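Take a look at the letters that make up each chain.
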Amino acid sequence: MYKFTIQSNRYLSQDIQAFYHTDYVGYQSPENPDYINTLKNTYGNFLNAKLNMAVQELENVLFEDMPKVFQVLQLDSLTVCVVPRAKTNYQPNQLLFRSAIRNVVNQLNSFSDGIDYIVRHTNTKTTHLPANTPNYNNDGAEPYPGITIKTCNISSNVRDKNILLIDDLYTRTVNIDEDAIQALLKKGAHSVTFYAVGRTVYNRF
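An account of the accompanying structure is given in this report. Small disclaimer: the values here were computed from a predicted structure and weren't measured. (Residues numbered from 1 in each chain as written. Predicted model: local features only at pLDDT ≥ 70, side-chain atom pairs only at ≥ 80, totals over all residues. Heavy atoms only, no water.)

## Remarks on the overall build of the chain
Item 1. Secondary structure assignment for the chain yields 5 helices and 8 strands.
Item 2. When the helices and strands of the chain are read in sequence order from the N terminus, they spell out β-β-α-α-β-α-β-β-α-β-β-α-β.
Item 3. A globule of 205 residues ought to have a C-alpha radius of gyration of about 17 Å, and the chain, at 16 Å, matches this closely.
Item 4. Projecting the C-alpha coordinates of the chain onto the three principal axes gives extents of approximately 45 × 35 × 35 Å.
Item 5. In the chain, buried positions account for 50% of the 205 residues.
Item 6. Between the averaged position of the 19 positive side-chain charges in the chain and that of its 19 negative side-chain charges there is a distance of 7 Å. (Helix = DSSP H or I, 4+ residues; strand = E, 2+ residues; numbered from the N terminus. Rg over C-alpha atoms; globule rule 2.2 N^0.38 Å. Buried < 20%, exposed > 50% of the residue type's maximum accessible area, 1.4 Å probe, protein only. Lys, Arg positive; Asp, Glu negative; His and termini not counted. Charge placed at Lys NZ, Arg CZ, Asp CG, Glu CD.)

Rendered as structure tokens:
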């Protein structure tokens with residue numbers, strides 16, 4: 001696991017301490033965490049065996065990293081939230097990233113389940129897919145400052161909590177994660193720390 005800083009910009013009012021597990025260098029590249037792509041299951045057509053293997057890989061990573069994050073932060077507890085996917089109508093087999101995190105959280109001491117504290121109610125653009133992706137209706141807005149508050153319901157339970165916000169992949173230029181962090185702070189979170197499974201190497205600074 002590695003530490004980095006998410007720097008303030010027009011989406012985010014302050015620097016944020018962040019962690020990631022491994023570099024993301026491109027799908028099907030050596031040592032790349034391809035299970036991230038599998039769990040997106042864009043068309044919902046992956047076989048259960050493939051999905052279950054990806055879930056196990058993710059859970060192994062989370063069981064390894066989350067206690068380390070807790071140790072570094074030295075807080076009494078952490079409430080885990082997840083950056084929501086771009087659309088509102090995913091099937092259960094397209095939401096296995098969230099369910100895997102919940103399974104891990106429920107087995108770790110000092111972590112609380114806030115995974116449903118941010119829920120998408122309006123579609124946004126799926127930023128990891130090219131514009132001409134076939135048979136995929138990629139409707140919704142591109143990222144803009146405030147998009148999380150505008151397109152999501154955020155629970156009042158985030159107030160005064162120390163939040164660990166988790167996403168599958170951090171890409172600096174997209175700003176979805178920065179905006180979600182800012183939304184939590186604006187809704188009264190005491191602190192927000194960020195964790196991603198993968199971090200795109202070409203956005204390292």
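## Description of the sheet that holds strand S7 (residues 162–170)
Item 1. One open sheet holds the 6 strands; their spatial order is S1-S2-S8-S7-S3-S4, and the pairing between them is mixed. Single-partner strands in this sheet number two, and they are strand S1 (2–6) and strand S4 (111–113). In this sheet, neighbouring strand axes are inclined to one another by 35 degrees on average, regardless of whether the strands run parallel or antiparallel.
Item 2. Where strand S3 (residues 78–82) meets S7, 4 bridges bridge the pair, whose relative direction is parallel. Each residue of the ladder has a partner; that of valine 82, found in S7, is isoleucine 166.
Item 3. Contacting S1, strand S2 (16–24), S3, S4, S7 and strand S8 (191–200), helix H2 (residues 48–73) crosses the sheet at an angle of about 150 degrees to S2.
Item 4. Its contacts with the sheet put helix H3 (residues 96–105) on S3, S4, S7 and S8, and the angle it makes with S3 is roughly 170 degrees. (Pairing = 2+ DSSP bridges. Axes fitted to C-alpha atoms, helices over the stretch in contact; angles between N-to-C directions. Contact = heavy atoms within 4.5 Å.)

## Here's the deal with the side chain of asparagine 162
Item 1. Looking at the secondary structure, you find asparagine 162 in strand S7.
Item 2. Assessed through its relative accessible area of 17%, asparagine 162 is described here as buried.
Item 3. Looking at asparagine 162, its side chain comes within polar contact range of the side chain of serine 191, at 2.7 Å.
Item 4. Those residues in contact with asparagine 162 that sit more than four places away from it in its chain are Leu75, Ser77, Leu78, Thr79, His190 and Ser191. (Polar contact = N/O pair within 3.5 Å; in protein donor to acceptor, adjacent residues only side chain to side chain.)

## Brief notes about the nonpolar core
Item 1. Met66, Val80, Ile101, Phe111, Leu164 and Tyr195 are the most contacted members of the largest nonpolar core, which has 32 residues in total.
Item 2. At 10 residues, the largest contribution of residues to this core is made by H2.
Item 3. When residues no more than four places from it in sequence are discounted, the contact partners of tyrosine 195 are Met1, Phe19, Tyr20, His21, Val61, Leu62, Asp65, Val69, Leu164, Leu165, Ile166 and Asp167.
Item 4. Counting 27 residues, the second largest nonpolar core, distinct from the first, contains Ile147, Ile176, Ile181 and Leu185. (Core = buried A, V, L, I, M, F, W, Y, C linked by side-chain atoms within 4.5 Å.)

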